[in-house]
Amino acid sequence: MKQKQETAEDNQLKRGLTNRHIQLIALGGSIGTGLFLGIGPAAVLAGPSVILGYAVAGIIAFFIMRQLGEMVVEEPVSGSFSHFAYKYCGSFAGFASGWNYWILYILVSMAELTAIGVYVQFWWPEIPLWASSLFFFLVINALNFASVKVYGETEFWFSIIKVVAIIAMILFGTYLLISGTGGEHATIHNLYNDGGFFPKGFFEKNTDGSFQGLLAAMALIMFSFGGLELIGITAAEAENPEKNIPKATNQVIYRILIFYVGALVILFALSPWRQITTDSSPFVMVFQNLNGMEFELFGNKIYFTKLIANVLNLIVLTAALSVYNSSVYSNSRMLYGLADQGSAPKFLKKLNKQSVPVNAILISSCFAAICILINKIIPEEAFSILMSLVVSCLVINWVMISYTHLQFRLAKDKESTKTKFPSIFYPVSNYICFVFLLGILSIMWMTNMKLSVELIPIWLGILFVFYKVFKTKK
(Lines give C-alpha, C1' and ligand atoms only; values in the text may rest on other atoms or scores of the structure.)
Protein backbone atom coordinates (compact mmCIF):
# COMPACT_ATOMS: atom_id res chain seq x y z
CA MET A 1 0.00 0.00 0.00
CA LYS A 2 2.84 2.34 0.89
CA GLN A 3 4.61 1.54 -2.39
CA LYS A 4 1.45 2.34 -4.39
CA GLN A 5 1.09 5.64 -2.56
CA GLU A 6 4.67 6.64 -3.32
CA THR A 7 4.21 5.71 -6.98
CA ALA A 8 1.09 7.85 -7.22
CA GLU A 9 2.88 10.79 -5.62
CA ASP A 10 5.92 10.33 -7.85
CA ASN A 11 3.69 10.54 -10.91
CA GLN A 12 2.47 14.04 -10.06
CA LEU A 13 3.84 17.40 -11.16
CA LYS A 14 5.77 19.20 -8.42
CA ARG A 15 5.03 22.72 -7.23
CA GLY A 16 8.40 24.28 -8.04
CA LEU A 17 7.36 27.67 -9.47
CA THR A 18 7.71 30.53 -6.99
CA ASN A 19 5.95 33.89 -7.00
CA ARG A 20 8.72 35.60 -8.98
CA HIS A 21 8.61 32.78 -11.55
CA ILE A 22 4.83 33.10 -11.98
CA GLN A 23 5.02 36.89 -12.31
CA LEU A 24 7.67 36.81 -15.01
CA ILE A 25 6.17 33.79 -16.83
CA ALA A 26 2.90 35.72 -17.15
CA LEU A 27 4.84 38.69 -18.45
CA GLY A 28 6.95 36.54 -20.77
CA GLY A 29 3.85 35.09 -22.37
CA SER A 30 2.62 38.55 -23.36
CA ILE A 31 5.82 40.03 -24.76
CA GLY A 32 7.25 38.26 -27.74
CA THR A 33 7.25 38.08 -31.50
CA GLY A 34 3.72 39.50 -31.69
CA LEU A 35 5.01 42.82 -30.35
CA PHE A 36 8.50 42.90 -31.80
CA LEU A 37 7.88 41.45 -35.28
CA GLY A 38 4.10 41.15 -35.68
CA ILE A 39 3.61 44.90 -35.25
CA GLY A 40 5.18 45.43 -38.70
CA PRO A 41 2.34 43.98 -40.84
CA ALA A 42 -0.28 45.50 -38.51
CA ALA A 43 1.31 48.98 -38.73
CA VAL A 44 1.45 48.79 -42.52
CA LEU A 45 -2.31 48.09 -42.56
CA ALA A 46 -3.41 50.67 -40.00
CA GLY A 47 -0.66 53.22 -39.29
CA PRO A 48 -0.57 54.82 -35.79
CA SER A 49 -4.15 53.71 -35.03
CA VAL A 50 -2.72 50.26 -34.41
CA ILE A 51 -1.91 51.61 -30.92
CA LEU A 52 -5.65 51.82 -30.19
CA GLY A 53 -6.07 48.30 -31.58
CA TYR A 54 -3.54 46.91 -29.13
CA ALA A 55 -5.25 48.69 -26.23
CA VAL A 56 -8.71 47.30 -27.14
CA ALA A 57 -7.41 43.76 -27.74
CA GLY A 58 -5.49 44.01 -24.47
CA ILE A 59 -8.67 44.78 -22.53
CA ILE A 60 -10.40 41.74 -24.06
CA ALA A 61 -7.34 39.63 -23.20
CA PHE A 62 -7.56 40.88 -19.61
CA PHE A 63 -11.23 39.88 -19.38
CA ILE A 64 -10.31 36.39 -20.59
CA MET A 65 -7.45 36.22 -18.10
CA ARG A 66 -9.72 37.14 -15.19
CA GLN A 67 -12.25 34.51 -16.26
CA LEU A 68 -9.56 31.86 -16.45
CA GLY A 69 -7.98 33.13 -13.25
CA GLU A 70 -11.22 32.69 -11.31
CA MET A 71 -11.42 29.03 -12.33
CA VAL A 72 -7.72 28.31 -11.80
CA VAL A 73 -7.60 29.80 -8.29
CA GLU A 74 -10.64 27.75 -7.31
CA GLU A 75 -9.18 24.52 -8.75
CA PRO A 76 -5.39 24.71 -9.42
CA VAL A 77 -4.99 21.52 -11.45
CA SER A 78 -3.02 20.28 -14.45
CA GLY A 79 -4.65 20.81 -17.83
CA SER A 80 -6.06 24.21 -16.82
CA PHE A 81 -9.04 25.23 -18.99
CA SER A 82 -9.14 21.79 -20.63
CA HIS A 83 -9.92 20.38 -17.19
CA PHE A 84 -12.64 22.99 -16.63
CA ALA A 85 -14.18 22.43 -20.07
CA TYR A 86 -14.19 18.68 -19.37
CA LYS A 87 -15.79 19.16 -15.97
CA TYR A 88 -18.35 21.88 -16.73
CA CYS A 89 -19.09 21.49 -20.48
CA GLY A 90 -18.67 17.78 -21.14
CA SER A 91 -15.96 15.33 -22.18
CA PHE A 92 -15.80 16.44 -25.83
CA ALA A 93 -15.39 20.09 -24.82
CA GLY A 94 -12.47 19.12 -22.58
CA PHE A 95 -10.97 16.94 -25.29
CA ALA A 96 -11.35 19.61 -28.01
CA SER A 97 -10.16 22.59 -25.96
CA GLY A 98 -7.09 20.73 -24.73
CA TRP A 99 -6.02 19.47 -28.14
CA ASN A 100 -6.81 22.82 -29.77
CA TYR A 101 -4.58 24.54 -27.21
CA TRP A 102 -1.86 22.01 -27.91
CA ILE A 103 -1.99 22.59 -31.68
CA LEU A 104 -2.17 26.35 -31.02
CA TYR A 105 1.16 26.23 -29.23
CA ILE A 106 2.67 23.93 -31.81
CA LEU A 107 1.85 26.70 -34.30
CA VAL A 108 3.17 29.37 -31.91
CA SER A 109 6.36 27.32 -31.54
CA MET A 110 6.70 27.25 -35.32
CA ALA A 111 6.08 31.00 -35.61
CA GLU A 112 8.64 31.79 -32.90
CA LEU A 113 11.24 29.47 -34.43
CA THR A 114 10.65 31.22 -37.77
CA ALA A 115 11.04 34.64 -36.13
CA ILE A 116 14.27 33.48 -34.50
CA GLY A 117 15.63 32.76 -37.97
CA VAL A 118 14.61 36.26 -39.14
CA TYR A 119 16.45 37.88 -36.22
CA VAL A 120 19.59 35.80 -36.81
CA GLN A 121 19.59 36.88 -40.46
CA PHE A 122 19.89 40.50 -39.28
CA TRP A 123 23.49 39.62 -38.42
CA TRP A 124 24.15 36.78 -40.82
CA PRO A 125 21.87 36.95 -43.90
CA GLU A 126 23.62 33.95 -45.41
CA ILE A 127 22.33 31.59 -42.67
CA PRO A 128 19.06 29.97 -43.85
CA LEU A 129 15.99 30.21 -41.60
CA TRP A 130 15.79 26.47 -41.08
CA ALA A 131 19.36 26.24 -39.73
CA SER A 132 18.78 28.84 -36.99
CA SER A 133 15.43 27.25 -36.16
CA LEU A 134 17.03 23.83 -35.79
CA PHE A 135 19.83 25.05 -33.52
CA PHE A 136 17.58 26.84 -31.03
CA PHE A 137 14.98 24.07 -31.27
CA LEU A 138 17.57 21.66 -29.84
CA VAL A 139 18.82 24.05 -27.15
CA ILE A 140 15.41 25.04 -25.73
CA ASN A 141 14.06 21.50 -25.71
CA ALA A 142 17.16 20.31 -23.86
CA LEU A 143 16.51 22.94 -21.16
CA ASN A 144 12.94 21.76 -20.72
CA PHE A 145 14.00 18.23 -19.87
CA ALA A 146 15.43 19.59 -16.62
CA SER A 147 13.22 20.36 -13.59
CA VAL A 148 10.38 22.87 -13.69
CA LYS A 149 12.57 25.16 -11.59
CA VAL A 150 15.09 25.27 -14.43
CA TYR A 151 12.30 26.27 -16.82
CA GLY A 152 11.03 28.87 -14.33
CA GLU A 153 14.50 30.27 -13.79
CA THR A 154 15.27 30.40 -17.52
CA GLU A 155 11.98 32.13 -18.26
CA PHE A 156 12.55 34.51 -15.35
CA TRP A 157 15.81 35.78 -16.83
CA PHE A 158 14.48 35.83 -20.39
CA SER A 159 11.61 38.00 -19.18
CA ILE A 160 13.87 40.25 -17.09
CA ILE A 161 15.87 41.02 -20.23
CA LYS A 162 12.67 41.89 -22.12
CA VAL A 163 11.27 44.05 -19.32
CA VAL A 164 14.48 46.00 -18.76
CA ALA A 165 14.95 46.47 -22.50
CA ILE A 166 11.45 47.78 -23.15
CA ILE A 167 11.53 50.11 -20.15
CA ALA A 168 14.95 51.38 -21.25
CA MET A 169 13.68 51.86 -24.81
CA ILE A 170 10.62 53.79 -23.59
CA LEU A 171 12.72 56.02 -21.32
CA PHE A 172 15.44 56.55 -23.91
CA GLY A 173 12.91 57.23 -26.67
CA THR A 174 11.09 59.69 -24.42
CA TYR A 175 14.38 61.47 -23.76
CA LEU A 176 15.13 61.70 -27.50
CA LEU A 177 11.69 63.22 -28.13
CA ILE A 178 11.81 65.71 -25.25
CA SER A 179 15.41 66.77 -25.86
CA GLY A 180 14.94 67.03 -29.61
CA THR A 181 18.04 64.89 -30.24
CA GLY A 182 16.22 62.03 -31.95
CA GLY A 183 16.66 63.49 -35.41
CA GLU A 184 14.56 65.72 -37.62
CA HIS A 185 11.89 63.06 -38.08
CA ALA A 186 11.47 62.27 -34.36
CA THR A 187 8.38 64.06 -33.09
CA ILE A 188 5.16 63.21 -31.31
CA HIS A 189 3.40 64.73 -34.33
CA ASN A 190 4.22 61.52 -36.24
CA LEU A 191 1.18 60.05 -34.51
CA TYR A 192 -1.16 62.20 -36.60
CA ASN A 193 0.69 64.39 -39.15
CA ASP A 194 0.62 61.90 -42.05
CA GLY A 195 -3.03 61.25 -42.78
CA GLY A 196 -4.13 61.60 -39.16
CA PHE A 197 -4.28 58.98 -36.42
CA PHE A 198 -6.37 56.80 -38.76
CA PRO A 199 -4.47 57.31 -42.04
CA LYS A 200 -5.97 54.19 -43.60
CA GLY A 201 -9.42 54.50 -42.03
CA PHE A 202 -11.22 51.78 -40.10
CA PHE A 203 -11.89 49.21 -42.80
CA GLU A 204 -11.41 50.24 -46.38
CA LYS A 205 -11.14 48.16 -49.54
CA ASN A 206 -8.19 48.68 -51.85
CA THR A 207 -8.35 48.52 -55.64
CA ASP A 208 -6.73 45.05 -55.58
CA GLY A 209 -9.52 43.70 -53.36
CA SER A 210 -7.49 43.68 -50.15
CA PHE A 211 -8.49 45.63 -47.03
CA GLN A 212 -6.70 48.18 -44.90
CA GLY A 213 -7.43 50.15 -41.73
CA LEU A 214 -7.64 49.52 -38.01
CA LEU A 215 -10.17 46.68 -38.20
CA ALA A 216 -8.16 44.93 -40.92
CA ALA A 217 -5.17 44.92 -38.54
CA MET A 218 -7.07 43.53 -35.54
CA ALA A 219 -6.54 39.87 -36.48
CA LEU A 220 -2.78 40.45 -36.64
CA ILE A 221 -2.91 42.29 -33.34
CA MET A 222 -4.65 39.28 -31.77
CA PHE A 223 -1.56 37.20 -32.48
CA SER A 224 0.37 39.30 -29.96
CA PHE A 225 -1.83 38.26 -27.06
CA GLY A 226 -1.63 34.52 -27.54
CA GLY A 227 0.29 33.30 -24.51
CA LEU A 228 -1.37 35.24 -21.71
CA GLU A 229 -3.37 32.13 -20.77
CA LEU A 230 -0.07 30.41 -19.98
CA ILE A 231 -0.51 31.50 -16.38
CA GLY A 232 -3.37 29.01 -16.09
CA ILE A 233 -1.09 26.16 -17.17
CA THR A 234 1.35 26.95 -14.36
CA ALA A 235 -1.30 26.44 -11.66
CA ALA A 236 -0.46 22.76 -11.03
CA GLU A 237 3.20 23.61 -10.44
CA ALA A 238 2.80 26.96 -8.68
CA GLU A 239 3.56 27.46 -5.03
CA ASN A 240 0.61 29.03 -3.19
CA PRO A 241 -1.57 29.45 -6.33
CA GLU A 242 -4.38 31.17 -4.40
CA LYS A 243 -2.06 34.11 -3.78
CA ASN A 244 0.32 34.09 -6.72
CA ILE A 245 -2.11 33.51 -9.62
CA PRO A 246 -4.39 36.52 -8.78
CA LYS A 247 -1.37 38.78 -8.31
CA ALA A 248 0.08 37.85 -11.70
CA THR A 249 -3.31 38.05 -13.45
CA ASN A 250 -4.16 41.51 -12.14
CA GLN A 251 -0.88 42.91 -13.37
CA VAL A 252 -1.60 41.88 -16.97
CA ILE A 253 -3.56 45.05 -17.76
CA TYR A 254 -0.74 47.30 -16.52
CA ARG A 255 1.80 45.37 -18.54
CA ILE A 256 -0.29 45.75 -21.67
CA LEU A 257 -0.60 49.51 -21.17
CA ILE A 258 3.10 49.96 -20.45
CA PHE A 259 4.80 47.41 -22.65
CA TYR A 260 2.47 47.48 -25.65
CA VAL A 261 0.75 50.85 -25.77
CA GLY A 262 3.65 52.79 -24.22
CA ALA A 263 6.31 51.20 -26.39
CA LEU A 264 4.25 51.68 -29.57
CA VAL A 265 3.62 55.36 -28.86
CA ILE A 266 7.39 55.88 -28.63
CA LEU A 267 8.01 53.73 -31.72
CA PHE A 268 5.60 55.71 -33.90
CA ALA A 269 6.85 59.04 -32.53
CA LEU A 270 10.52 58.33 -33.28
CA SER A 271 10.01 57.58 -36.94
CA PRO A 272 7.31 58.17 -39.61
CA TRP A 273 5.03 55.15 -39.73
CA ARG A 274 5.42 54.73 -43.49
CA GLN A 275 9.02 53.63 -42.94
CA ILE A 276 7.84 50.49 -41.14
CA THR A 277 8.01 47.33 -43.24
CA THR A 278 6.49 43.88 -42.87
CA ASP A 279 9.70 41.85 -43.01
CA SER A 280 11.75 43.17 -40.09
CA SER A 281 11.35 44.32 -36.49
CA PRO A 282 10.17 47.98 -36.41
CA PHE A 283 11.96 48.41 -33.08
CA VAL A 284 15.30 47.44 -34.57
CA MET A 285 14.61 49.46 -37.72
CA VAL A 286 13.84 52.71 -35.89
CA PHE A 287 17.06 52.67 -33.91
CA GLN A 288 19.06 51.46 -36.87
CA ASN A 289 17.84 54.53 -38.78
CA LEU A 290 19.40 56.70 -36.07
CA ASN A 291 22.85 55.29 -36.91
CA GLY A 292 25.50 58.02 -37.25
CA MET A 293 23.47 60.66 -35.38
CA GLU A 294 24.66 62.32 -32.18
CA PHE A 295 22.84 63.40 -29.06
CA GLU A 296 23.77 64.96 -25.75
CA LEU A 297 23.36 63.16 -22.43
CA PHE A 298 24.35 64.92 -19.18
CA GLY A 299 26.55 67.32 -21.15
CA ASN A 300 28.36 64.57 -23.05
CA LYS A 301 28.05 63.97 -26.77
CA ILE A 302 27.15 60.40 -27.62
CA TYR A 303 26.99 58.93 -31.13
CA PHE A 304 24.53 56.36 -32.35
CA THR A 305 26.26 53.32 -33.72
CA LYS A 306 25.09 50.01 -35.10
CA LEU A 307 25.71 48.66 -31.61
CA ILE A 308 22.29 49.93 -30.47
CA ALA A 309 20.48 48.15 -33.29
CA ASN A 310 22.52 45.03 -32.59
CA VAL A 311 21.58 45.10 -28.91
CA LEU A 312 17.92 45.55 -29.80
CA ASN A 313 18.08 42.64 -32.21
CA LEU A 314 19.58 40.52 -29.43
CA ILE A 315 16.68 41.55 -27.20
CA VAL A 316 13.98 40.65 -29.73
CA LEU A 317 15.79 37.35 -30.31
CA THR A 318 15.63 36.75 -26.55
CA ALA A 319 11.92 37.54 -26.62
CA ALA A 320 11.30 34.93 -29.31
CA LEU A 321 13.37 32.35 -27.42
CA SER A 322 11.36 33.15 -24.29
CA VAL A 323 8.01 32.51 -25.97
CA TYR A 324 9.28 29.33 -27.60
CA ASN A 325 10.57 28.19 -24.22
CA SER A 326 7.11 28.79 -22.75
CA SER A 327 5.49 27.00 -25.69
CA VAL A 328 7.52 23.85 -25.03
CA TYR A 329 6.54 24.03 -21.36
CA SER A 330 2.83 24.68 -21.92
CA ASN A 331 2.46 22.04 -24.63
CA SER A 332 3.99 19.31 -22.49
CA ARG A 333 1.83 20.23 -19.48
CA MET A 334 -1.31 20.33 -21.57
CA LEU A 335 -0.59 16.84 -22.94
CA TYR A 336 0.07 15.67 -19.38
CA GLY A 337 -3.26 17.16 -18.28
CA LEU A 338 -5.11 15.57 -21.21
CA ALA A 339 -3.60 12.18 -20.35
CA ASP A 340 -4.54 12.70 -16.72
CA GLN A 341 -8.21 13.30 -17.59
CA GLY A 342 -8.27 10.38 -20.04
CA SER A 343 -8.28 12.43 -23.26
CA ALA A 344 -4.78 11.41 -24.39
CA PRO A 345 -2.67 8.21 -24.24
CA LYS A 346 -1.47 7.36 -20.74
CA PHE A 347 2.19 7.17 -21.77
CA LEU A 348 2.14 10.99 -21.98
CA LYS A 349 1.91 11.06 -18.17
CA LYS A 350 5.39 9.59 -17.76
CA LEU A 351 7.64 11.80 -15.63
CA ASN A 352 11.40 11.67 -15.26
CA LYS A 353 13.27 12.00 -11.94
CA GLN A 354 12.83 15.78 -12.08
CA SER A 355 9.02 15.37 -12.41
CA VAL A 356 9.07 16.58 -16.02
CA PRO A 357 6.67 14.93 -18.54
CA VAL A 358 9.37 13.68 -20.91
CA ASN A 359 7.15 11.86 -23.41
CA ALA A 360 4.87 14.90 -23.70
CA ILE A 361 7.90 17.09 -24.51
CA LEU A 362 9.18 14.59 -27.09
CA ILE A 363 5.85 14.29 -28.90
CA SER A 364 5.32 18.07 -28.94
CA SER A 365 8.87 18.62 -30.18
CA CYS A 366 8.39 16.21 -33.07
CA PHE A 367 5.41 18.20 -34.32
CA ALA A 368 7.06 21.60 -33.74
CA ALA A 369 10.03 20.37 -35.77
CA ILE A 370 7.78 20.54 -38.86
CA CYS A 371 8.55 24.27 -38.71
CA ILE A 372 12.12 23.56 -39.77
CA LEU A 373 10.80 21.87 -42.91
CA ILE A 374 8.36 24.73 -43.59
CA ASN A 375 11.17 27.28 -43.27
CA LYS A 376 13.22 25.31 -45.77
CA ILE A 377 10.41 24.97 -48.35
CA ILE A 378 8.63 28.37 -48.10
CA PRO A 379 10.81 30.71 -45.97
CA GLU A 380 9.17 33.90 -47.32
CA GLU A 381 5.58 32.94 -46.48
CA ALA A 382 6.20 30.81 -43.37
CA PHE A 383 5.63 33.48 -40.70
CA SER A 384 2.46 35.01 -42.19
CA ILE A 385 0.86 31.58 -42.75
CA LEU A 386 1.63 30.44 -39.21
CA MET A 387 0.40 33.74 -37.76
CA SER A 388 -3.04 33.41 -39.40
CA LEU A 389 -3.43 29.81 -38.23
CA VAL A 390 -2.43 30.80 -34.69
CA VAL A 391 -5.16 33.46 -34.61
CA SER A 392 -7.83 30.92 -35.61
CA CYS A 393 -6.82 28.49 -32.86
CA LEU A 394 -6.53 31.37 -30.39
CA VAL A 395 -10.10 32.48 -31.12
CA ILE A 396 -11.36 28.92 -30.47
CA ASN A 397 -9.32 28.84 -27.28
CA TRP A 398 -10.64 32.14 -25.94
CA VAL A 399 -14.25 31.33 -26.86
CA MET A 400 -13.94 28.04 -24.94
CA ILE A 401 -12.44 29.76 -21.90
CA SER A 402 -15.18 32.39 -21.78
CA TYR A 403 -17.99 29.88 -22.38
CA THR A 404 -16.59 27.42 -19.86
CA HIS A 405 -16.38 30.24 -17.34
CA LEU A 406 -20.11 30.91 -17.79
CA GLN A 407 -20.86 27.24 -17.06
CA PHE A 408 -18.43 27.28 -14.14
CA ARG A 409 -20.18 30.26 -12.55
CA LEU A 410 -23.62 28.71 -13.09
CA ALA A 411 -22.43 25.57 -11.27
CA LYS A 412 -20.94 27.59 -8.41
CA ASP A 413 -24.06 29.73 -8.09
CA LYS A 414 -26.20 26.57 -7.82
CA GLU A 415 -23.89 25.40 -5.03
CA SER A 416 -24.08 28.87 -3.44
CA THR A 417 -20.29 28.91 -3.53
CA LYS A 418 -18.52 32.26 -3.43
CA THR A 419 -15.33 32.02 -5.50
CA LYS A 420 -12.02 33.37 -4.19
CA PHE A 421 -11.08 35.44 -7.28
CA PRO A 422 -14.26 36.53 -9.13
CA SER A 423 -13.88 37.82 -12.68
CA ILE A 424 -14.62 41.41 -13.68
CA PHE A 425 -18.11 42.41 -14.91
CA TYR A 426 -19.47 38.85 -15.04
CA PRO A 427 -21.41 37.92 -17.17
CA VAL A 428 -21.26 41.09 -19.30
CA SER A 429 -17.52 40.73 -19.93
CA ASN A 430 -18.11 37.21 -21.25
CA TYR A 431 -20.59 38.43 -23.87
CA ILE A 432 -18.32 41.34 -24.80
CA CYS A 433 -15.57 38.78 -25.46
CA PHE A 434 -17.91 36.69 -27.63
CA VAL A 435 -18.89 39.70 -29.75
CA PHE A 436 -15.26 40.79 -30.13
CA LEU A 437 -14.05 37.33 -31.13
CA LEU A 438 -16.91 36.91 -33.61
CA GLY A 439 -15.87 40.26 -35.08
CA ILE A 440 -12.28 39.02 -35.45
CA LEU A 441 -13.50 35.96 -37.36
CA SER A 442 -15.65 38.19 -39.60
CA ILE A 443 -12.66 40.40 -40.39
CA MET A 444 -10.51 37.36 -41.15
CA TRP A 445 -13.25 36.03 -43.43
CA MET A 446 -13.23 39.21 -45.50
CA THR A 447 -9.45 39.53 -45.70
CA ASN A 448 -6.65 37.26 -46.87
CA MET A 449 -7.13 35.11 -43.75
CA LYS A 450 -10.36 33.59 -45.08
CA LEU A 451 -8.81 30.13 -45.39
CA SER A 452 -7.94 30.13 -41.68
CA VAL A 453 -11.61 30.72 -40.82
CA GLU A 454 -12.78 28.03 -43.25
CA LEU A 455 -10.45 25.57 -41.58
CA ILE A 456 -12.06 26.07 -38.13
CA PRO A 457 -15.15 23.84 -38.69
CA ILE A 458 -12.94 21.30 -40.47
CA TRP A 459 -10.53 21.31 -37.54
CA LEU A 460 -13.37 20.91 -35.02
CA GLY A 461 -14.76 18.05 -37.13
CA ILE A 462 -11.36 16.33 -37.08
CA LEU A 463 -11.24 16.74 -33.30
CA PHE A 464 -14.70 15.18 -32.99
CA VAL A 465 -13.67 12.17 -35.11
CA PHE A 466 -10.51 11.67 -33.04
CA TYR A 467 -12.57 12.05 -29.86
CA LYS A 468 -14.95 9.27 -30.97
CA VAL A 469 -12.08 7.00 -32.04
CA PHE A 470 -10.14 7.58 -28.84
CA LYS A 471 -13.14 7.00 -26.58
CA THR A 472 -14.09 3.85 -28.50
CA LYS A 473 -10.59 2.37 -28.08
CA LYS A 474 -10.68 3.13 -24.37
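Please read all numbers here as calculations on a predicted model, not as lab measurements.

A. The arrangement of the nonpolar core in detail. Among the nonpolar cores identified, the biggest contains 117 residues, and Ile221, Met222, Phe225, Phe268, Trp398 and Ile440 are the most heavily contacted of them. Looking at this core element by element, the count peaks at 17 residues for helix α7 (residues 91–123). In this structure, Met222 is in contact with Val391, Leu394, Val395, Trp398, Phe436, Leu437 and Ile440, ignoring residues within four places of it in sequence.

B. Just the packing of aromatic side chains, in detail. Taken as a whole and judged by the stated rule, the model has 18 aromatic pairs. Taken together, a centroid distance of 5.4 Å and an interplanar angle of 65° make the contact between Phe95 and Tyr467 edge-to-face. Residue Phe95 is found in helix α7, and its partner Tyr467 is found in helix α20 (residues 450–473); the two are separated by 372 residues along the sequence. Look at Phe95 and you get buried, because its relative accessible area is 3%. The exposure class of Tyr467 is buried, given its relative accessible area of 11%. Their ring planes at 25° and their centres at 4.7 Å tell us that Phe198 and Phe202 sit as a pair that is stacked. For Phe198, a relative accessible area of 30% puts it in the partly exposed group. A residue is classified by how much of its surface remains accessible, and Phe202, at 47% relative accessible area, is partly exposed. Put simply, the rings of Phe92, Phe95, Trp99, Trp102, Phe367, Phe464 and Tyr467 touch in pairs and so form one group of aromatic residues.

C. Structural detail: a nonpolar patch on the surface. On the surface, Leu52, Val56, Phe198, Phe202 and Leu215 cluster together into a nonpolar patch covering about 390 Å² of accessible area. Examined against the element boundaries, Phe198 turns out to sit in the loop between α9 (148–179) and β1 (204–205).

D. Focus on the packing of helix α5 (residues 50–74) against helix α12 (residues 241–250). Between α5 and α12, the least distance of the axes is 10 Å, while the angle of their chain directions is 180°. Judged by the inter-axis angle, α5 sits roughly antiparallel to α12. Packed against α5, whose contacting residues are Phe62, Met65, Arg66, Val72 and Val73, the element α12 presents Pro241, Glu242, Ile245, Pro246, Thr249 and Asn250 at the interface.

E. Summary view of helix α6 (residues 81–89). Those residues of α6 that sit buried are Phe81, Ser82, Phe84, Ala85 and Tyr88. What you see down the axis of α6 is that its buried residues fit within an arc of 160°, all on one side. In the stretch just after α6, Gly90 is the one whose phi turns positive, near 110°.

F. Spatial organisation of α9. Relative to the 46 Å expected for 32 residues at 1.5 Å per residue, α9 spans 46 Å between its end C-alpha atoms, a close match to the ideal helical length. Downstream of α9 by one or two residues, Gly180 has phi in the positive range, about 75°.

G. Here's a closer look at the pattern of salt bridges. Throughout the structure, instances matching the rule amount to seven salt bridges. Between Arg409 and Glu70 there is a salt bridge, with its nearest N and O atoms 3.2 Å apart. With Arg409 in helix α18 (residues 382–414) and Glu70 in helix α5, this residue pair connects regions lying 339 residues apart in the sequence. Here Arg409 and Glu70 have matching classes, each one buried. In this structure, a network of salt bridges that share partners links the residues Glu75, Lys87, Lys412 and Glu415.

Quick notes on the rules
Residues numbered from 1 in each chain as written. Predicted model: local features only at pLDDT ≥ 70, side-chain atom pairs only at ≥ 80, totals over all residues. Heavy atoms only, no water. Core = buried A, V, L, I, M, F, W, Y, C linked by side-chain atoms within 4.5 Å. Buried < 20%, exposed > 50% of the residue type's maximum accessible area, 1.4 Å probe, protein only. Helix = DSSP H or I, 4+ residues; strand = E, 2+ residues; numbered from the N terminus. Contact = heavy atoms within 4.5 Å. Phe/Tyr/Trp six-rings, centres within 6.5 Å; stacked < 30°, edge-to-face > 60°. Patch = residues over 30% accessible without salt bridge, like charges linked within 9 Å, V, L, I, M, F, W, Y side chains within 5 Å. Areas by Shrake-Rupley, 256 points an atom, 1.4 Å probe, with all protein chains shown as cover. Salt bridge = Lys/Arg side-chain N within 4 Å of Asp/Glu carboxyl O. Axes fitted to C-alpha atoms, helices over the stretch in contact; angles between N-to-C directions. Parallel < 35°, antiparallel > 145°, perpendicular 65-115°, else oblique. Arc of directions from axis to C-beta. Expected span 1.5 Å × (residues − 1).

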